[in-house]
Amino acid sequence: IDEDRAFAAETDLRDFLASNLDRVEAGLQLYREGERSGVEFPVEDGRIDILARDKTGRFVVFELKVSRGRNKALGQILYYMGWVDSHLGKGPCRGIIIAKDISDDLILATRRAQGVSLFRYKLSVSVEHIA
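Cut-off values and rules
Residues numbered from 1 in each chain as written. Predicted model: local features only at pLDDT ≥ 70, side-chain atom pairs only at ≥ 80, totals over all residues. Heavy atoms only, no water. Helix = DSSP H or I, 4+ residues; strand = E, 2+ residues; numbered from the N terminus. Polar contact = N/O pair within 3.5 Å; in protein donor to acceptor, adjacent residues only side chain to side chain. Contact = heavy atoms within 4.5 Å. Core = buried A, V, L, I, M, F, W, Y, C linked by side-chain atoms within 4.5 Å. Buried < 20%, exposed > 50% of the residue type's maximum accessible area, 1.4 Å probe, protein only. 1 Å grid on protein atoms, 1.4 Å probe; cavity = no way out; pocket = protein on both sides within 12 Å on 5 of 7 lines; lining within 4 Å. Points joined across faces, edges and corners; volume = space filled by probe spheres on them. Nonpolar A, V, L, I, M, F, W, Y, C, P; charged D, E, K, R; others polar. Salt bridge = Lys/Arg side-chain N within 4 Å of Asp/Glu carboxyl O.

Colleague: Would you mind going over the side chain of R14 in detail, with residue names and values included?
Modeller: Mapped onto the elements, R14 comes out in helix 1 (residues 2-19). Of the polar contacts made by the side chain of R14, one reaches the side chain of E40; its length is 3.2 Å. When near neighbours in sequence (up to four residues on either side) are disregarded, R14 contacts V39, E40, D49, I50 and L64.

Colleague: Before we move on, can you summarise the nonpolar core with the specific residues and values?
Modeller: Within the largest apolar cluster, 21 residues are counted, with the highest numbers of intra-cluster contacts made by I48, L51, V61 and V84. For this core, the secondary-structure elements that each account for two or more residues are strand 4 (39-43), strand 5 (46-53), strand 6 (59-69), helix 2 (71-87) and strand 7 (94-102). For this core, the leading source of residues is helix 2, giving seven residues. Apart from residues no more than four positions distant in its own chain, V84 is found in contact with I48, L51, F59, V61, G89 and C93.

Colleague: Quick rundown of the layout of surface pockets? Include the residues and the values.
Modeller: Put simply, the largest pocket is a space of about 410 Å³. Along its surface, the largest pocket is lined by 15 residues, and L13, F16, Y121, K122 and L123 are the ones closest to its centre. For the lining of the largest pocket, the elements supplying multiple residues, two or more each, are helix 1 and strand 8 (116-120). The element contributing the most residues to the lining of the largest pocket is helix 1, with five residues. Grouping the amino acids of the lining of the largest pocket by side-chain chemistry returns ten nonpolar, one polar and four charged.

Colleague: Describe unusual backbone geometry, listing the residues and the values that go with them.
Modeller: With a phi angle near 55 degrees, E40 is a residue other than glycine that sits in the positive phi range. Relative to the helices and strands, E40 is located in strand 4. Of the residues examined, E40 reaches a relative accessible area of 27% and is grouped as partly exposed.

Colleague: Explain the pattern of salt bridges to me, and be specific about the residues and the numbers.
Modeller: Within this structure, the stated rule accounts for six salt bridges. Its salt-bridge partner being E40, residue R14 comes within 3.2 Å of it at the nearest N-O pair. Taken together, the residues span a long stretch of sequence, with R14 in helix 1 and E40 in strand 4 at a distance of 26 residues. Take R14: its relative accessible area is 14%, and that puts it in the buried class. With a shortest N-O distance of 3.1 Å, E63 and K65 are connected by a salt bridge. For E63, a relative accessible area of 3% puts it in the buried group. Salt bridges sharing partners connect three or more residues here, namely R14, D15 and E40.

Everything listed here is a matter of coordinates, which is why it stays silent on function.
The following block contains the structure:
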């Protein structure tokens, strides 16, 4: 059941970010190619969580982790970035890993991965008195 909750949470996070890319960076637009959307964009060995373009037209690959951003996320995003550069062009693309908790080892490893940025997401809820 925890896996189901984690999957739903990552799906919710993905859908929210795909609709609100400007919260990550001004000018980001979800990539679209005919019927294909940049949400769960299919590649040969997996799916890119979100594929977008920045204000200059450069591709931006998103890897989302609902819990801890692990080193594995860096390997995944580097593969996806290489795939995008090879198959869609306009490279080199950039990568963004977004996770709730980002480990020190991921921060250290990412310093050696040019073009990859780390973001931490925070959830908040507000309540407004109506009547």
